[in-house]
Amino acid sequence: MLPKSSGTFQKCREPLLITQDGEAKLVVMDIKSYEEQEQTLALLRMLALGNKEVEQGKFRDAEDVFAELDKRIAEDDSRPHDTFDWEAIKKEAQARWQQ
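Residues numbered from 1 in each chain as written. Predicted model: local features only at pLDDT ≥ 70, side-chain atom pairs only at ≥ 80, totals over all residues. Heavy atoms only, no water.

On a plain count of helices and strands, the protein comes out with four helices and two strands. Along the protein, helices and strands appear, N-terminal first, in the series α-β-β-α-α-α. Within the span of the protein, comprising 99 residues, buried residues form 8% of the whole. A sequence separation of at least 24 residues applies to 13% of the contacts in the protein between residues at least 6 apart. (Helix = DSSP H or I, 4+ residues; strand = E, 2+ residues; numbered from the N terminus. Buried < 20%, exposed > 50% of the residue type's maximum accessible area, 1.4 Å probe, protein only. Contact = heavy atoms within 4.5 Å.)

The subject of this paragraph is the pattern of salt bridges. Counted under the stated rule, the structure contains five salt bridges. Among the ionic pairs, Lys25 bridges to Glu23, the shortest N-O distance being 3.7 Å. The partner of Glu68 in a salt bridge is Arg60, and the shortest N-O contact between them spans 2.5 Å. Counted as one network, the salt bridges with shared partners bring together Arg13, Asp30 and Glu36. (Salt bridge = Lys/Arg side-chain N within 4 Å of Asp/Glu carboxyl O.)

What follows is about helix H2 (residues 31-55). The first and last C-alpha atoms of H2 sit 36 Å apart over 25 residues, in line with the 36 Å expected at 1.5 Å per residue. The distance from a side-chain oxygen at the start of H2 to the backbone nitrogen of Lys32 is 3.3 Å, and the residue carrying that oxygen is Asp30. Phi for Gly57, located one or two positions after H2, is positive at around 80 degrees. (Expected span 1.5 Å × (residues − 1). Polar contact = N/O pair within 3.5 Å; in protein donor to acceptor, adjacent residues only side chain to side chain.)

Looking now at the environment of Leu17. Within the element layout of this structure, Leu17 appears in strand E1 (residues 16-20). Leu17 gets classed as exposed once you look at its relative accessible area, which sits at 52%. Along the backbone, Leu17 and Val27 are 10 residues apart, and their C-alpha atoms lie at a distance of 4.6 Å. Look past the residues within four positions of Leu17 in its chain and what remains in contact with it is Ala24, Leu26 and Val27.

Let us look at the pairing of strand E2 (residues 23-28). Across five bridges, E1 lies against E2 in antiparallel orientation. Following the sheet pairing, Ile18 is matched in E2 by Leu26. Linking two consecutive strands that pair antiparallel, namely E1 and E2, is a turn of two residues; a positive phi of about 55 degrees is found at Asp21 within it. (Pairing = 2+ DSSP bridges.)

Moving on, we get to the side chain of Asp30. Inspection of the secondary structure puts Asp30 in the loop between E2 and H2. Looking at Asp30, its side chain comes within polar contact range of the main-chain nitrogen of Lys32, at 3.3 Å.

As structure tokens, then:
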């Protein structure tokens, strides 16, 4: 059970460092901060993996990916082709890749 002061702790969202004999032993943080930290770490892991794959040459040119998507869409007669404005999506993605 948390002490009454835990409400203040949760509002300020600063981690609490617990020491023993002057040495840091534990860090306590509110759940929202912990969850945000976990999400940030997951994103950083994905970025690191992506960078590693780029360094290893494991990537495809955006134009090739869009050409393959166009081909798959053209071959798929089961869904309406006007669902998405693929040209606009391609232009937006290409603009983002060039930044």
